[in-house]
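The residues making up each chain are set out below.
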Amino acid sequence: MTLENMPLVEGLLKYIDEKVTPFHMPGHKHNGRSFEELEIIRENLYGMDNTEVEGLDNLHIPEGIILEAEMRASRAFKSHRSFFLVNGSTSGIYSMILGVTRPGDKILVQRNCHRSIHMACLMGDLKTSYINPTVLDGFNAAVSLNINNAIEVMDNNRDARALVITYPTYYGTCSNLKKIIGEAHKRGMLVLVDEAHGAHFPFHEGLPKSAMELGADLSVMSLHKSTPALTQASLLNASDRVNLEGVKFMMRLFQSTSPSYVLMASLDASRNIMETRGKELLSDLLENTKWFREGIKNLGAYEVLDEGFKGKAHIEDIDLTKLVIKSQLGGRELDMILRRDYGIQVEMSDLYNIALIGSVGDTRESYEKLLNALVDISRSHRGYNIIEESLKMPSFSQALSMREAYYRPRRRVKFLEAEGLVSSEMIAPYPPGIPAILPGEVITYDIIEYTKKIKEKNIPLNGIEDSSAEYIYVVE
Ligand SMILES: Cc1ncc(COP(=O)(O)O)c(C=O)c1O
C-alpha cells in the first residue's frame, strides 16, 4: 500500500511519528496514560461505528442506551438533564441560543465570545447588545467582565430574553458568574453559558465551580477539550428552569442525522473516567501545573497567569490547569521554537503569549519536558522585549442587525475611506480577540484609527476577507 495516494492519512501518520508532546486539544492527549476505557474504544473502533440498528438507540429520540448514558452524564455533570452532542460545542451553542429565542428577540452577549455565538445571532435574527470584556494589561488578553458594566447593560436592555457568557475564557479566566446569574435572574433573563473550556470543573473542588452548580439555565461543554473525549464530543447541560422543547428541536436541526456512535461512546467513556477517577487525576494535574509554575517563576524571561491575578481586571477565578505564559520573545516566536526545537505543541499563541491546555491525559514527563525547554530557551534566546501597552478599544454603534447586514447587497470600498458606512464584515484583531466591528455596525473614525494602529503592530486581523484591511465590504 502506498501512502502517497492518501495525503491526509500520510500527514497524520507523520505527526504521530514526530512524537510531539501535546499541550493542545483533544484532552485525551493521544491516550498517553492508557486509559482502559479509551483502549476499549480503540480496539473496537470499526465494530462500534454503527447506525441506528435494533438493540442500539437513536440520538435524536433516545430511549435506550443513549438515554441511559445521558442520564449518567447528567448526574456526573450536576445538571437536571444532559444531552450528547456529536457536532462540537458549536452545535450546542446554536441549539441553546436558538432554542430559547424567537426571531427579533434581544440577547446580551459578551463581545469577545466565540464566533458560534455571533453566528447563532445571525441565524436567529436576534437583536444583540454587547457587554465589553475587561483586558488584562501586559498579557493583553480579554479575561473577564466587570460586573457593574454587565448590570448596566442588563438595566439598559430590560427586554432582553437571555444573557450569553463565556466561562472560562480560552485563557482559563472566569468572571463572577454567580453574581451575573443572580442579577440576570432578578431581571427575568435566562443565562446561557459557553463552558466549552470547563468540562472538568465539576470534578475537583480546587477548580472554579461549574456553570450548572452556580445556577446557569443552560451550558455547553466540549468534553474533547479538557476531558479525554474524541474531537467534537460535547455536552449540553440543562437546569430544570428551561422548557427544553425548542432546544431539543434545534439539536435535531443542527446535528447530523447520522450521529457517530464512536463519539457517543467516547462521551460515555470520558464521563466514566472523570466520575470514577477525575478527582485524583485532576489533583495530579494541578500538582504538575503548580510544580511547573514554581519552576518557571524565577527565570525572569516569562510571566505565568496564576492565582496572584485573581481580582485584577475583574478576574473572579482562574482555572489553574491551563497555562498562559507571556514571553519576552513573543508568543508566536516561542510557539515556533517549542515545536521546531523541542517537539512541544502549544494550543494557541498570540503576539504576547502562549496558551497550553492541561488535561487529565497529561503525564508528569510532559511538564518536565516543557520546563526544561523553557529554561533552555531563556538561556539561549536572551533578547528583546516586545511587550507594549494595550490599545483602548473604540466604541461601536449598531445600524442593522447582523442578519440584515449579511443579506443586504454589499460593495467593496477602501477601508480608510469607509467612515460613516455600515460594515458587512467583522474585524477582530487577535489578540485580544474582541471584534472592533461586527456586520451591521457603523465604521467610525475611531475604528479606522484603531485598526491602523493594530496593523502597525502586525497583529493579525480575523474575520475580514482582505486580512490587510486595505478594503472592506460595506452594506449598499
Ligand atoms: C470559547 C469557545 N466556545 C466554543 C467553541 C466551539 O467548540 P467546538 O470546537 O467544540 O465546536 C470553542 C472552540 O474552540 C471555544 O474556544
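Residues numbered from 1 in each chain as written. Predicted model: local features only at pLDDT ≥ 70, side-chain atom pairs only at ≥ 80, totals over all residues. Heavy atoms only, no water.

**Digging into a nonpolar patch on the surface**
- There is a patch of nonpolar side chains on the surface, built from Val-9, Leu-13 and Ile-16 and spanning about 250 Å² of accessible area.
- With respect to the helices and strands, the residue Leu-13 is situated in helix α1 (residues 7-18).
- On the basis of relative accessible area, Leu-13 is assigned to the partly exposed category, the value being 38%. (Patch = residues over 30% accessible without salt bridge, like charges linked within 9 Å, V, L, I, M, F, W, Y side chains within 5 Å. Areas by Shrake-Rupley, 256 points an atom, 1.4 Å probe, with all protein chains shown as cover. Salt bridge = Lys/Arg side-chain N within 4 Å of Asp/Glu carboxyl O. Helix = DSSP H or I, 4+ residues; strand = E, 2+ residues; numbered from the N terminus. Buried < 20%, exposed > 50% of the residue type's maximum accessible area, 1.4 Å probe, protein only.)

**A short note on the nonpolar core**
- Counting 93 residues, the largest nonpolar core has Leu-163, Phe-292, Ile-325, Leu-338 and Leu-374 as its most contacted members.
- With 14 residues, helix α11 (residues 261-297) is the single largest residue contributor to this core.
- If we skip the residues at most four places from it in the chain, Leu-163 touches Leu-108, Ile-131, Met-154, Ile-180, Ala-184, Leu-190, Val-191 and Leu-192.
- If you look at the next biggest cluster of nonpolar residues, it comprises 32 residues, including Phe-83, Leu-85, Ile-97 and Ala-238. (Core = buried A, V, L, I, M, F, W, Y, C linked by side-chain atoms within 4.5 Å. Contact = heavy atoms within 4.5 Å.)

**A short note on the sheet that holds strand β16 (residues 348-349)**
- If you walk across this open sheet you meet the four strands as β12-β14-β17-β16, and the pairing is antiparallel. A single partner strand is all that each edge strand has here, and the edge strands are β12 (302-304) and β16.
- Relative to strand β17 (residues 353-357), strand β14 (residues 322-327) is paired through five bridges, and the arrangement is antiparallel. By the bridge assignment, Lys-322 is partnered in β17 with Ile-357.
- Those strands touched by α11 are β12 and β14, and its axis lies near 15 degrees from that of β14. (Pairing = 2+ DSSP bridges. Axes fitted to C-alpha atoms, helices over the stretch in contact; angles between N-to-C directions.)

**A few points about the site of the ligand**
- Contacts to the ligand come from Gly-88, Ser-89, Thr-90, Ile-93, His-114, Asp-194, Ala-196, His-197, Ser-222, His-224, Lys-225 and Ser-234.
- With respect to the ligand, the backbone of Ser-89 contributes an N or O atom lying 2.8 Å from an oxygen atom.
- Within the side chain of Lys-225, a nitrogen or oxygen atom sits 3.1 Å from an oxygen atom of the ligand.
- Look at the ligand: alone it shows 390 Å² of surface, and the protein chains cover 84% of it.
- At the level of elements, α5 (88-99) and α9 (223-226) are the ones that each hand at least two residues to the shell around the ligand.
- At four residues, the largest contribution of residues to the shell around the ligand is made by α5.
- Across the shell around the ligand, the residue classes tally to two nonpolar, eight polar and two charged. (Near = heavy atom within 4 Å. Polar contact = N/O pair within 3.5 Å; in protein donor to acceptor, adjacent residues only side chain to side chain. Nonpolar A, V, L, I, M, F, W, Y, C, P; charged D, E, K, R; others polar.)

**Considering the sheet that holds strand β3 (residues 106-110)**
- Strand order in the open sheet formed by seven strands is β2-β11-β10-β9-β7-β3-β4, and the pairing between neighbours is mixed. Two strands lie at the open edges of the sheet, namely β2 (81-85) and β4 (127-131), each paired on one side alone. Put simply, the sheet's adjacent strands are angled 20 degrees from each other on average, direction ignored.
- Strand contacts of helix α4 (residues 65-76): β2 and β11 (234-238), with the helix running at about 120 degrees to β2, the strand carrying the most contacts.
- Across the face of the sheet, helix α7 (residues 147-156) comes into contact with β3, β4 and β7 (162-166) while running at roughly 155 degrees to β4.

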